[in-house]
Amino acid sequence: MPRKPLIAANWKMYKTPAQAQEFVKNFLPLVTNHERDEVVLCPSFISLSVVIAAVTGSGVAVGAQNMHFAEEGAYTGETSPLMLKAIGATHVILGHSERRQYFGETDEIINKKLKTALQQGLVPIVCVGEVLAERESGRTEEVLLRQTRGVLAGIGAAEAAPIVIAYEPVWAIGTGKTATPQIASEAHEVIRGEVKKLLGGGVAENLRILYGGSVKPENASALMSETEIDGALVGGASLDPQSFGKIVKY
Ligand code: 13P
C-alpha cells in the first residue's frame, strides 16, 4: 500500500486565536474534498481549541507543536498529552529543532515524549535534522543516525506504526534555502534504513518521512514527486491560506 502523504502546517509562535480562526475560514474552501493527503494544522496551544472547533467535519486534523512527557504533574507552564487529547488534538510535533536549540530538548527528552504520545494515541511527528556546520563537515549521516536511534530508543515494532518522522535540515528552516529533492531523498533513505534496522522492514516501509525547510508552493511538487518524500512540514508558507492551500494541492 502506498504511504498516504501528510502535509502539516507548523505555525510556530504566530497567530492569535482570532487570526487562526480567520485562516481556517479562508483555507477550508481551498481543500474541500481533498483526500489524497492527510492535512494537519499545528497552531499554538492557545489557538488549538478554536482551530479544532473551526475544522469540525472538514477532514483537516489539528496537532500541537509540543507537549510534556508526563500525563500530569507539577510542571508549571507545560501542557500534557491528556489535555491535548481531551480537546480533540490528534497529532503532536516533537523535538522540533527550535525546541532543541532554544529550549534544550535532547534526544532523550524527545524519546520520553514520543513514548507518551504513542501510549496516548497521539500521532507523533518527530523532527530530526543536521545544522549547517554538521552538513559542511560531512557529518549529516552520523547526526541523522544518532538522532533516529536516540528518539526511537526502547520503542518496539508493535507500537511504532503511528510514528511520522520529519527531516528538517536546520540550515533550510526559515532561510529560503530548500534542500534539493535529491538531498532530502538521500537523508530520508538514511533515516528509513536505520528504522529498518531498528524496527524491521514492515515499519520502515510504512513509515512516513516528511521534509521540512523552506517548502513553498513553487518547490512543493518537485519535493513531493520523490518516492522517499511522504509529505511536508511547512513553517512560513503555511501562515497564508492561499499559499498553504497551493502546497496541499502540489
Ligand atoms: P520554514 O518552512 O519556515 O522554513 O519552517 C520549516 C519548519 O521549521 C517547519 O517545522
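These numbers come from a predicted model, not from an experiment.

A. Layout of the pairing of strand β8 (residues 231-234). Burial along β8 is two-sided: the residues Gly-231 and Leu-233 and Ala-232 and Val-234 are all buried. Where strand β1 (residues 6-10) lies against β8, four bridges are found, and the strand directions are parallel. Across the sheet, the residue bridging to Ile-7 is Ala-232, located in β8. Note: strand β7 (residues 208-212) against β8, two bridges, orientation parallel. Bridging from a neighbouring strand, Tyr-211 pairs with Ala-232 of β8.

B. Local environment of helix α2 (residues 45-55). Three or more residues of α2 are buried, namely Ser-47, Leu-48, Val-51, Ile-52 and Val-55. Angularly, the buried residues of α2 cover 145° about the axis, an arc narrow enough to put them on a single face. Exposed residues pointing more than 90 degrees away from the buried face of α2 are listed as Ile-46 and Ala-53. Gly-57 lies just past α2 and shows a positive phi near 80°.

C. Structural detail: the site of the ligand. Around the ligand, the surrounding shell consists of Asn-10, Lys-12, His-96, Glu-168, Ala-172, Ile-173, Gly-174, Gly-213, Ser-214, Leu-233, Gly-235 and Gly-236. Within the contact set of the ligand, an oxygen atom lies 2.7 Å away from a backbone nitrogen or oxygen of Ser-214. For the ligand, the protein covers 96% of the area, taking 310 Å² as the surface of the free molecule. Split by residue class, the shell around the ligand holds three nonpolar, seven polar and two charged.

D. View of the environment of Leu-144. By the element assignment, Leu-144 lies in helix α7 (residues 140-152). For the pair Leu-144 and Gly-129, spaced 15 residues apart in the sequence, the C-alpha separation amounts to 6.3 Å. When sequence neighbours within four positions are dropped, the list of residues in contact with Leu-144 reads Val-128, Gly-129, Glu-130, Tyr-167, Ala-187, Val-190 and Ile-191.

E. Representation of the state of the cysteines in the model. Using the criterion set out here, one finds zero disulfides in the structure. Cys-42 takes part in no disulfide bond, and the closest cysteine sulfur, belonging to Cys-127, lies 9.5 Å away. Judged by its relative accessible area of 1%, Cys-127 is buried.

F. Here's a closer look at the packing of aromatic side chains. The tally for this structure, following the rule as stated, stands at four aromatic pairs. When the ring of Phe-23 is compared with that of Phe-27, the centres are 5.2 Å apart and the planes differ by 35°; the resulting orientation is tilted. Remark: Phe-27 and Phe-23 occur in helix α1 (residues 17-27); sequence separation between them is four residues, near one turn of the helix. The two residues Phe-23 and Phe-27 agree in class, both being buried.

G. Local environment of the pattern of salt bridges. Taken as a whole, this structure holds 14 salt bridges when the rule is applied. Linking Lys-12 and Glu-98 is a salt bridge whose minimum nitrogen-to-oxygen distance equals 2.8 Å. Residue Lys-12 is located in the loop between β1 and α1, and its partner Glu-98 is located in helix α4 (residues 97-103); the two are separated by 86 residues in the primary sequence. Here Glu-194 and Lys-197 are joined by a salt bridge, their closest N and O atoms 3.9 Å apart. Taken together, the positions of Glu-194 and Lys-197, both in helix α8 (residues 181-199) and three residues apart, correspond to about one turn of that helix. Here the salt bridges do not stand alone but share partners, grouping Arg-3, Arg-192, Glu-205, Glu-228 and Asp-230 into one network.

H. Representation of the packing of α7 against α8 within the structure. Relative orientation of the contacting elements α7 and α8 amounts to 40°, with a least axis distance of 10 Å. As summarised for this structure, α7 and α8 are arranged oblique, according to the angle between their axes. In the packing of α7 onto α8, the handedness of the crossing is right-handed. Where α7 abuts α8, its residues Glu-141, Leu-144, Leu-145, Thr-148, Arg-149 and Leu-152 lie against Ala-187, Val-190, Ile-191, Glu-194, Val-195, Leu-198 and Leu-199. Looking at the contact of α7 with α8 residue by residue, the class counts come to nine nonpolar, one polar and three charged.

I. Highlighting the packing of α1 against α2. It is at 9 Å that the axes of α1 and α2 come closest, and there the two elements cross at 25°. Accordingly, the angle class assigned to the pair α1 and α2 is roughly parallel. For the element pair α1 and α2, the recorded crossing hand is right-handed. Residues Pro-17, Ala-20, Gln-21 and Val-24 of α1 touch α2, and the partners they reach there are Ile-46, Ser-47, Val-50, Val-51, Ala-54 and Val-55. Grouping the constituent residues of the contact of α1 with α2 by class yields eight nonpolar, two polar and no charged.

Calculation criteria
Residues numbered from 1 in each chain as written. Predicted model: local features only at pLDDT ≥ 70, side-chain atom pairs only at ≥ 80, totals over all residues. Heavy atoms only, no water. Buried < 20%, exposed > 50% of the residue type's maximum accessible area, 1.4 Å probe, protein only. Helix = DSSP H or I, 4+ residues; strand = E, 2+ residues; numbered from the N terminus. Pairing = 2+ DSSP bridges. Arc of directions from axis to C-beta. Near = heavy atom within 4 Å. Polar contact = N/O pair within 3.5 Å; in protein donor to acceptor, adjacent residues only side chain to side chain. Areas by Shrake-Rupley, 256 points an atom, 1.4 Å probe, with all protein chains shown as cover. Nonpolar A, V, L, I, M, F, W, Y, C, P; charged D, E, K, R; others polar. Contact = heavy atoms within 4.5 Å. Disulfide = S-S within 2.5 Å. Phe/Tyr/Trp six-rings, centres within 6.5 Å; stacked < 30°, edge-to-face > 60°. Salt bridge = Lys/Arg side-chain N within 4 Å of Asp/Glu carboxyl O. Axes fitted to C-alpha atoms, helices over the stretch in contact; angles between N-to-C directions. Parallel < 35°, antiparallel > 145°, perpendicular 65-115°, else oblique. Left-handed = near helix turned anticlockwise from the far one by under 90°.

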